[in-house]
Amino acid sequence: MNALDQLRIGLSQANTRLRRESFSSARPMAELARKVERRFGVGAAPDKDVIAAAVRQFSRSRQVDSFREVKLACFGIATEVLPERILLLRDPRLVGELLHIVGELRPQARKFRRCFQALMSVYFEYQPKDGNSEIRQSWNQIREFLSAGVASIRHEAMPEWAETVVEHSNLFGDDPCARYGQAVLDGNLSHVRDVFTRIGIATNSWVQTDVFMGAVRAACDSDDQRFKSHIDGLLVLLRANPAIQFQGIKRILDRYARMDSHGEHTALSIFATELLGNPLLISNVPRWDGVSSEARTMVSDWLKRKLIGQFFELLSQDGATASRRVKFWAEYVSVIESVWFVLGSGARSNWNPDFKKLRSLMGDQALNLEGATSGNNAFVMKIGRLLVVEFGETGNAAYLFDGGNPPFSLRGALRLREDLKHARNLGSLKHFDGHEKWEEKFRRAIAEHAGITKERVSYSGGNRNPSNGRQTGLAGESGGVFAPREFDQLLRSFCAERGLRFIDQRAEGGKLVVYANADNPKISGTLGQWGFKFERRNSVWIKDR
């Protein structure tokens, strides 16, 4: 026997031993296959082209020739097939016929489960918004079919997803996610997510979104103390889930405003203004749509108190008197309808983070102060028909003006002496104590010119809903609205420069209408300041007179 023969014999023996050791039994592979099937079911979603062919066939013939075609049609029930634009969901009758065919598979548990899983994946992936559409009717049929079909997937050894579905059949009910809202609030989010993973619910499914809104609803339905304890956690939840931020924050704000005591919640105020904008700005009206007037007023009052403090802390050089001015004007927060900052060149060019945030927060109501020292700034408040102008630099008196006919327009740039200290004022008041404190002199002047007494301020400040329907700082009868001098000419120029169409029917007893949406904050802010109200349905701005 030569060396080559010995090599052949050695290789043959090695191959025999390898086959015997590694492939003698198929049991391990079979056991692994059973585990995979138990956990995930059988197979993945079929190829899109194969699904499209089955959808076309069923749409044309309204019949299926095999179980495979039934399963494929179930997978494709919410898929639009091009170029024909076939979408089975648009035809409730066709969907009903397909569900009837699937229903006849109930005696064959494994086949029924495969179709059930395909329909379930569609149900969890797609939720129509229109409650009266044909697509919604089809979707509701699928939901009802799945709800009734849960009992039929219980037979034989069930895969893990089916066992989990049986335990969570509420997912096919009228309020599918109510069960999980409280669980999320109680800190069991990971358990809820594990349930959804086992069923096969994707992270971008409407179910996940609805669960988080369920947590918001559960918190808002609880008593004041329990609700308040959940706010910080709810804000973390909203930040992590942009899809529910607007809906969630509006519900939380409305619930907070209904509390017997709703002092400022700093984190809630910051998140609301970051998301919805400054409620004092006309340009933000569309973003606050859907928030109750009580909640808007509440946040507006929080913001005004903050702005008053920031003006005298950041923009004032009147250190000794500043704290007294902050305290005094804080008393009037509930009756201050709107505020403006008129910034000197120093504040406008200061890139300190606090100054940047302040300018951003004020938007179009941060105006420019000209003809003054770089460090001087002004703070303008509207209280009823009274305009109050406070200055930051020491020694400047506060000036009072008739808000119904001011000698300046609160837009763009204002001059110190020609505007904010105009001779046509109602008087000026200094922050010096004499035989009485300066605060008392200010209170008398406000009562005289605005008809607002200390008693009325105390009543409004203590009232649970002080606005009585007033939308603080927004476009309304009294909310920061000023028609500039030579208004008609200015409006024509304003519209012409921006290519806006307007109709003036005031001479016939009608209204002044400007055709513009609310997307441009500059346009929205200016029209709002001039007394226009935005009508969302027709996307126009309307002024009665």
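Scroll up to find the structure.
As the structure is a prediction and not an experimental result, all values here were calculated from the model. (Residues numbered from 1 in each chain as written. Predicted model: local features only at pLDDT ≥ 70, side-chain atom pairs only at ≥ 80, totals over all residues. Heavy atoms only, no water.)

Peer 1: Whenever I open this one, the packing of helix α5 (residues 92-103) against helix α7 (residues 134-149) confuses me. Can you help?
Peer 2: Packed helices, taken two at a time, are described by their axes: the angle between them and the distance between them. The contact between α5 and α7 brings their axes to 9 Å, and the two run at 15°. Considering their axes alone, α5 and α7 lie roughly parallel with respect to each other. Crossing angle aside, the handedness with which α5 passes α7 is right-handed. Side by side, α5 and α7 meet where Pro92, Val95, Gly96, Leu99, Val102 and Gly103 of the first sit next to Glu134, Gln137, Ser138, Gln141, Ile142 and Phe145 of the second. Counted by class, the contact of α5 with α7 contains 6 nonpolar, 5 polar and 1 charged residues. (Axes fitted to C-alpha atoms, helices over the stretch in contact; angles between N-to-C directions. Helix = DSSP H or I, 4+ residues; strand = E, 2+ residues; numbered from the N terminus. Parallel < 35°, antiparallel > 145°, perpendicular 65-115°, else oblique. Left-handed = near helix turned anticlockwise from the far one by under 90°. Contact = heavy atoms within 4.5 Å. Nonpolar A, V, L, I, M, F, W, Y, C, P; charged D, E, K, R; others polar.)

Peer 1: Hey, could you run me through the packing of aromatic side chains in this one?
Peer 2: To describe a pair of aromatic rings, one takes the distance between the centres and the angle between the planes. Taken as a whole, this structure holds 28 aromatic pairs when the rule is applied. Judged by centre distance (5.5 Å) and plane angle (90°), the ring pair of Tyr123 and Trp206 falls under edge-to-face. Of the two residues, Tyr123 sits in helix α6 (residues 109-125) while Trp206 sits in helix α11 (residues 206-220), which places them 83 residues apart along the sequence. With respect to burial, Tyr123 and Trp206 carry one shared label: buried. Between Phe124 and Phe172, the aromatic rings sit 5.9 Å apart at their centres with planes inclined by 25°, giving stacked as the arrangement. Here Phe124 is found in helix α6, whereas its partner Phe172 is found in the loop between α8 (160-167) and α9 (178-185), with 48 residues between them in sequence. For Phe124, a relative accessible area of 4% gives the class buried. (Phe/Tyr/Trp six-rings, centres within 6.5 Å; stacked < 30°, edge-to-face > 60°. Buried < 20%, exposed > 50% of the residue type's maximum accessible area, 1.4 Å probe, protein only.)

Peer 1: Before we go on, may I ask you to explain α11 in this structure?
Peer 2: Structural remark: α-helix, 3.6 residues per turn; residues separated by three or four positions point the same way. With 15 residues, α11 extends 21 Å from end C-alpha to end C-alpha; this agrees with the ideal 21 Å at 1.5 Å per step. Counting buried positions over the 15 residues of α11 gives 11, a clear majority of the element. Restricting attention to buried positions, one finds in α11 the residues Trp206, Val207, Gln208, Val211, Phe212, Met213, Gly214, Ala215, Val216, Ala219 and Cys220. Buried positions along α11 lie against α6, α7, α9, α10 (189-199), α12 (224-240) and α13 (245-257). Put simply, Ser205 is the residue that caps the front of α11, since its side-chain oxygen is 3.0 Å from the backbone nitrogen of Val207. (Expected span 1.5 Å × (residues − 1). Polar contact = N/O pair within 3.5 Å; in protein donor to acceptor, adjacent residues only side chain to side chain.)

Peer 1: When you look at unusual backbone geometry in this model, what are you seeing that I'm missing?
Peer 2: A negative phi angle is the norm for most residues apart from glycine, just as the trans form is the norm for most peptide bonds. In the segment running from Leu82 into Pro83, the intervening peptide bond is cis, with an omega of 5°. On the secondary structure map, Pro83 appears in the loop between α4 (67-75) and α5. One non-glycine residue, Arg62, lies in positive phi territory at about 60°. By secondary structure assignment, the location of Arg62 is in the loop between α3 (48-61) and α4. The phi dihedral of Ser539 is positive, around 55°, even though this residue is not glycine. Here Ser539 shows up in the loop between β10 (533-535) and β11 (540-543).

Peer 1: What is the right way to read the side chain of Lys382 from this model?
Peer 2: Residue position: Lys382 is located in strand β3 (residues 378-383). By relative accessible area, which is 6% here, Lys382 ends up buried. Polar side-chain contacts of Lys382 include one of 2.4 Å to the backbone oxygen of Gly384.

Peer 1: Sorry if this is basic, but what is going on with the sheet that holds β11 here?
Peer 2: Backbone-to-backbone hydrogen bonds pair the strands of a sheet. The strands run either parallel or antiparallel. What the 4 strands build is an open sheet, ordered β8-β9-β11-β10; its pairing is antiparallel. Pairing within the sheet leaves two strands with one partner each, and these edge strands are β8 (501-504) and β10. For this sheet the average axis-to-axis angle between neighbouring strands, irrespective of direction, equals 25°. Lying over the sheet, helix α22 (residues 487-498) contacts β8, β9 (512-515) and β11, oriented at roughly 20° with respect to β9. (Pairing = 2+ DSSP bridges.)

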